[in-house]
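Inside the fold
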Amino acid sequence: VNRMNDKYHREDERLKTFETWPLPWLDKNVLAQTGMFYTNEDDKCKCYFCEVEIGRWVHEDHPVNEHLRWSPNCPLLRRRTTNNLPINADALDRNLPQASYDVCGSNDTSSLD
Ligand SMILES: [Zn+2]
């Protein structure tokens with residue numbers, strides 16, 4: 001089940017994996033929108049674009065903030081060109097971190113700054 005599914009570049013396909021998502025208080029629409037699909041294991045989801053896996057969510061967590069915390073160079077979150085196919089590009093744009101966002105300690109030389 002660790003095999004990456006090639007259709008998960010599509011947000012609608014990622015959203016389908018959340019049918020059995022166990023945490024109704026954590027917005028699966030935002031998770032799917034920002035690159036995540038559900039692994040079907042506990043509350044673990046995984047980003048198609050940076051392959052980070054995040055689980056053990058607590059109520060204060062925000063999907064995008066946690067994703068950035070564990071994977072600050074995620075190409076989707078950093079607004080790089082990916083093959084992501086969003087359901088609603090404007091909604092995605094609103095949920096992504098600002099382009100000027102930078103992470104302390106990042107050694108990424110292609111930073112927008
Ligand atoms: Zn990611």
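Preceding this paragraph is the structure being described.
Keep in mind that what you see is a predicted model, and the values were worked out from it rather than measured.

Time to look at the coordination of the zinc ion. Taken together, Cys47 (SG), Cys50 (SG), His67 (NE2) and Cys74 (SG) make up the full set of protein donors to the zinc ion, lying 2.0 to 2.3 Å away. Taken together, the four donor atoms surrounding the zinc ion define angles of 104 to 115° at the centre, an arrangement classified as tetrahedral. Along the chain, the residues donating to the zinc ion are arranged with the sequence spacing C-x2-C-x16-H-x6-C. Cys50 gets classed as partly exposed once you look at its relative accessible area, which sits at 23%.

Here we take up the pairing of strand 1 (residues 36–41). Pairing of strand 1 with strand 2 (residues 44–47) involves four bridges; the strand directions are antiparallel. Each bridged residue has a counterpart across the sheet, and for Phe37 the counterpart in strand 2 is Lys46. What sits between the antiparallel neighbours strand 1 and strand 2 is a turn of two residues, in which Asp42 has the positive phi angle 45°.

Judged by nonpolar contacts, the single largest core of 25 residues is most densely connected at Phe18, Trp21, Leu31, Met36, Cys45 and Trp57. Every element with two or more residues in this core is listed here: helix 2 (28–33), strand 1, strand 2 and helix 3 (63–70). Among all residues touching Trp57, those that are not within four sequence positions of it are Trp21, Leu23, Trp25, Leu26, Leu31, Asp43, Cys45, His62, Pro63 and Glu66.

This next bit is on the pattern of salt bridges. Taken as a whole and assessed by the stated rule, the structure comprises eight salt bridges. A salt bridge links Arg10 to Asp12, with the shortest nitrogen-to-oxygen separation between them at 2.7 Å. Overall, the relative accessible area of 28% leaves Asp12 in the partly exposed class. Glu41 is the salt-bridge partner of Lys44, the closest N and O atoms lying 3.0 Å from each other. Under the relative-accessibility criterion, Lys44 is labelled partly exposed at 24%. Note on Glu41: relative accessible area 39%, which makes it partly exposed. It is possible to trace a salt-bridge network through shared partners that takes in Glu41, Lys44, Lys46 and Glu53.

Definitions and cut-offs
- Residues numbered from 1 in each chain as written.
- Predicted model: local features only at pLDDT ≥ 70, side-chain atom pairs only at ≥ 80, totals over all residues.
- Heavy atoms only, no water.
- Donors = N, O, S within 2.8 Å, 3.2 Å for Na, K, Ca; no water.
- Tetrahedral: all angles 85-135°; square planar, octahedral: opposite > 155°, others 65-115°.
- Buried < 20%, exposed > 50% of the residue type's maximum accessible area, 1.4 Å probe, protein only.
- Pairing = 2+ DSSP bridges.
- Helix = DSSP H or I, 4+ residues; strand = E, 2+ residues; numbered from the N terminus.
- Core = buried A, V, L, I, M, F, W, Y, C linked by side-chain atoms within 4.5 Å.
- Contact = heavy atoms within 4.5 Å.
- Salt bridge = Lys/Arg side-chain N within 4 Å of Asp/Glu carboxyl O.

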